[in-house]
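# Examining the three-dimensional arrangement
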Number of protein chains: 2
Amino acid sequence: MGAFAVEVSIVGAGLVGCLLACFLARRGHAVTLYERRPDPRRAGAERGRSINLAISERGIDALRRVGLDKVVLDTALPMPGRMMHAVDGELTFQPYSADRDRAINSIGRADLNRTLLDAAAALPGVRLCFDHRLTSMDVDSGRMVFQTPGEPGTVTATAPVIIGADGAFSAVRAALQGRPGFDYSQEFLDYGYKELVIPAAPDGGFAMDPGALHIWPRGHSMMIALPNPDRSFTCTLFWPKADFASLTTPERITALFAERYPDALALMPGLSDDYLRNPTGHLVTIRCAPWVVPGGAAVTALAGDAAHAIVPFYGQGANCGFEDCVELDRCLAETGDDFAAALPLYQERRKRNADTIAELALANFVEMRDKVASRVFLAQKKVEHALERLLPGRYVSQYELVSFSTVPYVEVERRIARQRRWVAAAGAGIAALAAVAAIGGARGRHK
Amino acid sequence: MGAFAVEVSIVGAGLVGCLLACFLARRGHAVTLYERRPDPRRAGAERGRSINLAISERGIDALRRVGLDKVVLDTALPMPGRMMHAVDGELTFQPYSADRDRAINSIGRADLNRTLLDAAAALPGVRLCFDHRLTSMDVDSGRMVFQTPGEPGTVTATAPVIIGADGAFSAVRAALQGRPGFDYSQEFLDYGYKELVIPAAPDGGFAMDPGALHIWPRGHSMMIALPNPDRSFTCTLFWPKADFASLTTPERITALFAERYPDALALMPGLSDDYLRNPTGHLVTIRCAPWVVPGGAAVTALAGDAAHAIVPFYGQGANCGFEDCVELDRCLAETGDDFAAALPLYQERRKRNADTIAELALANFVEMRDKVASRVFLAQKKVEHALERLLPGRYVSQYELVSFSTVPYVEVERRIARQRRWVAAAGAGIAALAAVAAIGGARGRHK
């Protein structure tokens, strides 16, 4: 616990904002959470815009530290591997880990958000302000202006510590972006995404195996499906934007699914309606620096997607945001809850890691939509898992380190690079030995 | 001339906006130029914020096409090379070109802007609106809202073609940036810049040789100076931001100049005042895509710094922006003045070139502040110029192609890469021949 309670304003009561409020309140700080939307525990959840989450070790570790791992995992569905769907309907299961008990966990964003909101609200010192949209802020004084419903329509607040956890299109970051010296980039993929549904089967059960993340890899595009507790699956199409734009009638939608996703089409009675109703989302990578900007009377920092929005293909967006909270908590512990010292330390430790997972997530899209359909790739994965069992703790796959450990992402990348060089050298050595043996054999025959 | 006159709104009456207005008006289009500042021909020029321009072949070529090359070059001062100032006061002149008649031309931004404004205003169909600050625009309808002085304080206008030529912090680009799919990055150097002055000598003449761009290369920082028609020099410091921040008293400013720029200090009576009064500018590279966004009833495009702000170290910012105007004029000619076809073509041809010069400009900073102080580097440049004279038209330096040709920047980069491989291969061949000769010689001696 810190010696002095600090007034912290967190903008954004999404996953990262709520979890961060829990961490800070447990350290004795007074946290006000501002959220532009109404309380989601009263209003209905937004549908059709959020990819299901796959919570893995980094996220679970963060939840464990605030005592929320069990309640969250209770409603989650474990997915120990990928189920690939070929066009002819053939299924291939590929475990994520050499240890088949390890799984990533499917969970709905809205459910998880409600759980975290309840947890934050239950802690002393946490105040929730819904329907507060940040419209401007002054970084030097820590003064924030919020738009609110009804009269007078605006609320002003000031805090010595402001943390923007308000997502990829962060209003806090927008206030920093105009300052000279603030590096910023937003990079979109030429791909969009769209959510669809595979409802529960007529008998009330799952229409497919719920113990897997389902993938329909189709080279330049793909569909995935994650199970939900109500026995439906949330499907997500990842297609080139041009493909979405050109597919606009129920007849053509059905025809395309009959050709490319025939086994799924049979399970999607509402396909055309869902397709035409749901919006096409965009996939963006956002990088910025610095994440921490000291002003005269306040310090502003960014966390989660506001600091580092990444594409969803490694299932690490929320996990990485949760790790931000763990690291900030650790930095506060190391600095005696001195935010002015802890926040720059947090930035120094997290920024490189966020940059690394952004790259890994982009690279994994190619693996998911294309490589997993290849027999060579699947054979490589089997060899990899065999190596992992043969050399436990010495040979570990990238997926294993990203999803089933809390080894920092930069360390994962370094370790995998070393491992690849080592395997290449070992392979070359084996080939050389084989060549020597072959030459020896040939000479022997000539004698 | 186009078959149909089109109403074009250009936002920003800086260098690129004015030159573009000239090109479009000469094609018969009706151009309205909106500028947020007052008419600079009436108000005084802003001082202390703009590096002198070095206009070279690309810029001159553009001016020539609208008949403005002679009037602009009349007031410009040719700089055929660099003059390096060592700490001990030793001077070294290095010509920019093997052909010593070729020069880049020092010119004040404000003077050039006034000349271009006069030229645009003199053309039929051009309307100038000063004191119009764009506050919002709707890309689909082409509706723009401007803030103006006095009552009612806003003006609304609509145009089927809107071109943002409003600089690095473009308001037109800001309207595009919120659209999904718009890639954007702003990247600052850890360096700032500050303008200083070397006034005319007591006898009314130049205090240094006006036939050169003067450089004080000091490893991690530098100062440059360009001559002005009033016989003063505009000096610009390029220092790490931390150095500016730490130097805040007249005594320390003078002491530092005495140590690092002693020959310049003797020529700068107003040094401390200038240093403390003038702001520290920032150096940013801005990249974005697309540059052209079609709406329902309008099309919006970007040109000049609004599309591609670059650092000033290759002296190509304005030259590159002027090339944008030439290319757009060419695309209009090729498409029969169909803006909907010409603008995407313009983007396709210019975007890669702008990306290339952005990289070359960043790389040239290292050359200017560090390498030019090295004897090895100066010797290399002499060899390079000798090769150019030996193999005219076959061996051409990068600086020559960038500054004294209109070869597209991407083509320059490709050609230089080819040339380097060729020189390396030739060097290796000569070394091999020498080795063979040496071995032959050694064998001869052993016989």
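The structure presented is a predicted model; accordingly, all values stated were derived computationally and were not measured.

### Details of the sheet that holds strand E8 (residues 126–129) of chain B
All names here are of chain B. Ordered in space as E8-E2-E1-E12-E19-E18, the 6 strands form an open sheet in which the pairing is mixed. A strand with exactly one partner marks an edge of an open sheet, and here the two such strands are E8 and strand E18 (292–294). On average, adjacent strands in this sheet sit at an angle of 15° to one another, irrespective of strand direction. Taken together, the 4 bridges between strand E2 (residues 30–34) and E8 define a ladder with parallel strand orientation. When the sheet's bridge partners are listed, Leu 33 is paired in E8 with Leu 128. Relative to E18, helix H12 (residues 339–369) is tilted by about 150°, and along the sheet it contacts strand E1 (7–11), strand E12 (161–164), E18 and strand E19 (299–302).

### Let's talk about the interface of chain A and chain B
Residue-level contacts link 13 residues of chain A with 13 residues of chain B. Summed over both sides, the interface between chain A and chain B buries roughly 1,000 Å², with carbon and sulfur atoms accounting for 45% of that surface. Looking only at chain A, the three residues that lose the most surface to chain B are A:Asp183, A:Gln186 and A:Phe188, adding up to 42% of its buried area. Counting every contact that joins chain A to chain B gives 0 salt bridges. Summed over the shared surface of chain A and chain B, the number is 8 residue pairs in polar contact (both at pLDDT 80 or more). If one sorts the elements of the side of chain A that touches chain B by residue count, strand E13 (residues 183–198) of chain A sits on top with 6 residues. The class makeup of the residues in the side of chain A that touches chain B is 4 nonpolar, 5 polar and 4 charged. Taken together, the 3 bridges between E13(A) and strand E13 (residues 183–198) of chain B define a ladder with antiparallel strand orientation. By the bridge assignment for E13(B), A:Tyr184 is matched with B:Gln186.

### Regarding the packing of helix H1 (residues 15–26) of chain B against helix H11 (residues 317–334) of chain B
Residue and element names in this part refer to chain B. Between H1 and H11, whose axes approach to 9 Å, the crossing angle comes to 25°. It follows from the interaxial angle that H1 and H11 lie roughly parallel. Of the two possible hands of crossing, H1 and H11 adopt the one that is right-handed. Facing H1, whose interface residues are Leu 15, Val 16, Leu 19, Leu 20, Phe 23 and Leu 24, H11 presents Ala 318, Gly 321, Phe 322, Cys 325, Val 326, Leu 328, Asp 329 and Leu 332. Considered class by class, the residues forming the contact of H1 with H11 number 12 nonpolar, 1 polar and 1 charged.

### Thoughts on the UniProt feature "domain: FAD-binding" (unreviewed entry) in chain A
The residues that UniProt annotates with the feature "domain: FAD-binding" (unreviewed entry) are residues 6–183 and 302–357 of chain A. Between the end C-alpha atoms of residues 302–357 of chain A the distance is 17 Å, and the span holds 73% helix and 2% strand.

### Some words on the sheet that holds strand E4 (residues 77–79) of chain A
Residues and elements named next belong to chain A. The antiparallel open sheet is built from 3 strands, whose spatial order is E3-E7-E4. Edge positions in the open sheet fall to strand E3 (53–55) and E4, since each of these has one partner strand only. Geometrically, the sheet is characterised by an average inter-axis angle of 40° between neighbouring strands, direction not taken into account. Examined bridge by bridge, E3 and strand E7 (residues 104–107) share 3 bridges and lie antiparallel to one another. The residue bridging Ile 55 from the neighbouring strand is Asn 105, located in E7.

### Structural notes on the relation of the copies chain A and chain B
Laying chain A over chain B is done by rotating through 180° and shifting 0.1 Å along the axis; what remains is an RMSD of 0.0 Å. Look at the turn and shift together and you get a two-fold axis relating the two. No C-alpha of chain A lies nearer the rotation axis than that of A:Ser185, which sits 2.0 Å from it. Most of the interface of chain A is mirrored in chain B: 100% of its interface residues are interface residues there too.

Conventions adopted
Residues numbered from 1 in each chain as written. Chains lettered and ligands numbered in written order. Predicted model: local features only at pLDDT ≥ 70, side-chain atom pairs only at ≥ 80, totals over all residues. Heavy atoms only, no water. Pairing = 2+ DSSP bridges. Helix = DSSP H or I, 4+ residues; strand = E, 2+ residues; numbered from the N terminus. Axes fitted to C-alpha atoms, helices over the stretch in contact; angles between N-to-C directions. Contact = heavy atoms within 4.5 Å. Buried area = accessible area lost by both parts, 1.4 Å probe. Salt bridge = Lys/Arg side-chain N within 4 Å of Asp/Glu carboxyl O. Polar contact = N/O pair within 3.5 Å; in protein donor to acceptor, adjacent residues only side chain to side chain. Nonpolar A, V, L, I, M, F, W, Y, C, P; charged D, E, K, R; others polar. Parallel < 35°, antiparallel > 145°, perpendicular 65-115°, else oblique. Left-handed = near helix turned anticlockwise from the far one by under 90°. UniProt positions renumbered as here; feature names shortened; annotations may be inferred. Least-squares fit on C-alpha atoms with pLDDT ≥ 70 in both.

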